Amino acid sequence: MVQEAFPELGKIRATSVKIRLADDMTSEMSSMVTAPFPNALAAVEQEILHACRDAKRDRASVTLIAVSKTFTAEAITPVIAAGQRVFGENRVQEAKAKWPGLTASYPGLALHLIGPLQSNKTKEAVALFDAIHSVDRPSICQALAKELESQNKRPQLFVQLNTGEEPQKAGIAPAEADAFIASCRDNYGLTISGLMCIPPVDQAPAPHFALTAKIAARNGLKNLSMGMSADFATAIQFGATHIRVGSAIFGRR
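Not measured: the values here are computed from a predicted model.

J.: Is there a simple way to explain the packing of helix α5 (residues 73-81) against helix α6 (residues 92-105) in this structure?
T.: Contact pair α5 / α6: the axes reach a minimum separation of 10 Å and the direction vectors enclose 35°. With respect to the hand of their crossing, α5 and α6 are arranged in right-handed fashion. Along the contact surface, α5 presents Ala 73, Ile 76, Thr 77 and Ile 80, while α6 presents Lys 98, Trp 99 and Leu 102. Looking at the contact of α5 with α6, its residues break down into 5 nonpolar, 1 polar and 1 charged.

J.: I keep staring at the nonpolar core and nothing clicks. Help me out?
T.: Across soluble globular proteins, you tend to see nonpolar side chains buried next to one another. Judged by nonpolar contacts, the single largest core of 65 residues is most densely connected at Ile 48, Phe 87, Leu 144, Val 159, Ile 243 and Ile 249. Top element by residues in this core is helix α10 (residues 205-218). It accounts for 7 residues. Ignoring anything within four residues of it in the chain, the contact list for Phe 87 reads Ile 65, Ala 66, Ser 68, Ile 76, Val 79, Ile 80, Trp 99, Leu 109, Ala 110, Leu 111, His 112 and Phe 250.

J.: Is there a simple way to think about the environment of Arg 137 in this case?
T.: Relative to the helices and strands, Arg 137 resides in the loop between β4 (131-135) and α8 (138-151). Not counting chain neighbours up to four residues away, the residues in contact with Arg 137 comprise Leu 117, Gln 118, Ser 119 and Phe 180.

J.: I would appreciate a short explanation of the pairing of strand β8 (residues 242-245) in the present structure.
T.: Side-chain direction in a regular strand flips from residue to residue, so the side chains alternate between the two faces of the sheet. Where burial is concerned, the two faces of β8 agree: the one with His 242 and Arg 244 and the one with Ile 243 and Val 245 are both buried. In this sheet, β8 lies alongside strand β1 (residues 63-67) in parallel orientation, the contact comprising 4 bridges. By the bridge assignment for β8, Thr 63 is matched with His 242.

J.: Got a minute to help me understand the side chain of Ser 193 in this structure?
T.: Along the chain, Ser 193 falls in the loop between α9 (174-186) and β6 (194-197). Ser 193 gets classed as buried once you look at its relative accessible area, which sits at 15%. A distance of 3.2 Å separates polar atoms of two side chains, one belonging to Ser 193 and the other to Gln 156. A distance of 2.5 Å separates the side chain of Ser 193 from the side chain of Asn 223, its partner in a polar contact.

J.: What is the right way to read the pattern of salt bridges from this model?
T.: Two side chains carrying opposite charge are able to pair once their charged atoms lie near each other. Scanning the entire structure with this criterion turns up 7 salt bridges. A salt bridge links Glu 45 to Arg 59; its shortest N-O distance comes to 3.1 Å. Note that Glu 45 is positioned in helix α4 (residues 37-54) and Arg 59 in the loop between α4 and β1, a separation of 14 residues in sequence. Salt-bridge contacts for Glu 94 lead to Lys 98; the nearest nitrogen and oxygen are separated by 2.9 Å. A residue pair is termed a helical-turn pair when its members lie 3 or 4 positions apart in one helix, as Glu 94 and Lys 98 do in helix α6 at 4 residues. One salt-bridge network, held together by shared partners, links Glu 89, Glu 94 and Lys 98.

J.: Before we go on, may I ask you to explain the packing of α9 against α10 in this structure?
T.: Close contact between α9 and α10 brings their axes to 11 Å; oriented N to C, the two are set at 30°. When the interaxial angle is binned, α9 and α10 end up roughly parallel. For the element pair α9 and α10, the recorded crossing hand is right-handed. Counted together, Pro 174, Ala 177, Asp 178 and Ile 181 of α9 and Leu 211, Ile 215 and Arg 218 of α10 form the full contact between these two elements. A class-by-class count of the residues in the contact of α9 with α10 yields 5 nonpolar, no polar and 2 charged.

J.: Help me understand the packing of aromatic side chains, please; the structure alone is not making it clear to me.
T.: The geometry of an aromatic ring pair is captured by two quantities: the separation of the ring centres and the angle between the planes. According to the stated counting rule, one finds 2 aromatic pairs in the structure shown. Each ring, one from Phe 71 and one from Phe 250, has its centre 5.0 Å from the other, and the planes form 25°; the classification is stacked. Here Phe 250 lies in helix α12 (residues 247-250) and Phe 71 lies in the loop between β1 and α5, a separation of 179 residues in the sequence. On the accessibility criterion, Phe 250 (4% relative accessible area) is buried. With 5.1 Å between their ring centres and 45° between their planes, Phe 87 and Trp 99 make a pair best called tilted. Placement of the pair is Phe 87 in strand β2 (residues 86-89) and Trp 99 in helix α6, with a sequence separation of 12 residues.

Cut-offs applied
- Residues numbered from 1 in each chain as written.
- Predicted model: local features only at pLDDT ≥ 70, side-chain atom pairs only at ≥ 80, totals over all residues.
- Heavy atoms only, no water.
- Axes fitted to C-alpha atoms, helices over the stretch in contact; angles between N-to-C directions.
- Helix = DSSP H or I, 4+ residues; strand = E, 2+ residues; numbered from the N terminus.
- Left-handed = near helix turned anticlockwise from the far one by under 90°.
- Contact = heavy atoms within 4.5 Å.
- Nonpolar A, V, L, I, M, F, W, Y, C, P; charged D, E, K, R; others polar.
- Core = buried A, V, L, I, M, F, W, Y, C linked by side-chain atoms within 4.5 Å.
- Buried < 20%, exposed > 50% of the residue type's maximum accessible area, 1.4 Å probe, protein only.
- Pairing = 2+ DSSP bridges.
- Polar contact = N/O pair within 3.5 Å; in protein donor to acceptor, adjacent residues only side chain to side chain.
- Salt bridge = Lys/Arg side-chain N within 4 Å of Asp/Glu carboxyl O.
- Parallel < 35°, antiparallel > 145°, perpendicular 65-115°, else oblique.
- Phe/Tyr/Trp six-rings, centres within 6.5 Å; stacked < 30°, edge-to-face > 60°.

As structure tokens, then:
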């Protein structure tokens, strides 16, 4: 479905930029995941700079989210010391156990929830996170609207798309995205900052990034949370404003 909607993407994937990224990423990522944390972070930063230069974008237009799920506070501290300030977690309870101490010790950190959100965890999520990337169903919209008003907080909210329409994966199907975004705004009073997607692991990510960007553009959304350790450079080419990088910084889990 994605490829049919974007037949011109075959031309994009054949550019010299894509070839460089595809050729270089394997060896670069292999070294990154085995390097000490600060060195790995520096390597990721260099790749972001290269991708931004290729896309004629300002480095400041891309937020690096260091995905620290499953890693302890002790493992996260060297990455903070190396200069990283934005982090991502998949589970509310795990984040609640380790991040209050870190944020107290290191002012200026931002925490993003990039994993699924359960309705009964919404109160804790709104209290803890600066951004939530997994708005994907009416029950979450309702719970968020209640907690945002109660706590008087305004975290960034991203609607999660399921661009591959994979049954095991959360997210809104592309065909339903416009109506869902409108419902978030009109029925629940939510301010949607952008869209998030996770392409299928067995498909080229570029068509999924392009589809996400197209849906965002027609709904007036400026932020795109897309791209992980293996494909963030490609995501930057397609307009990603937030990239979620874990293993390339922290190593394999």
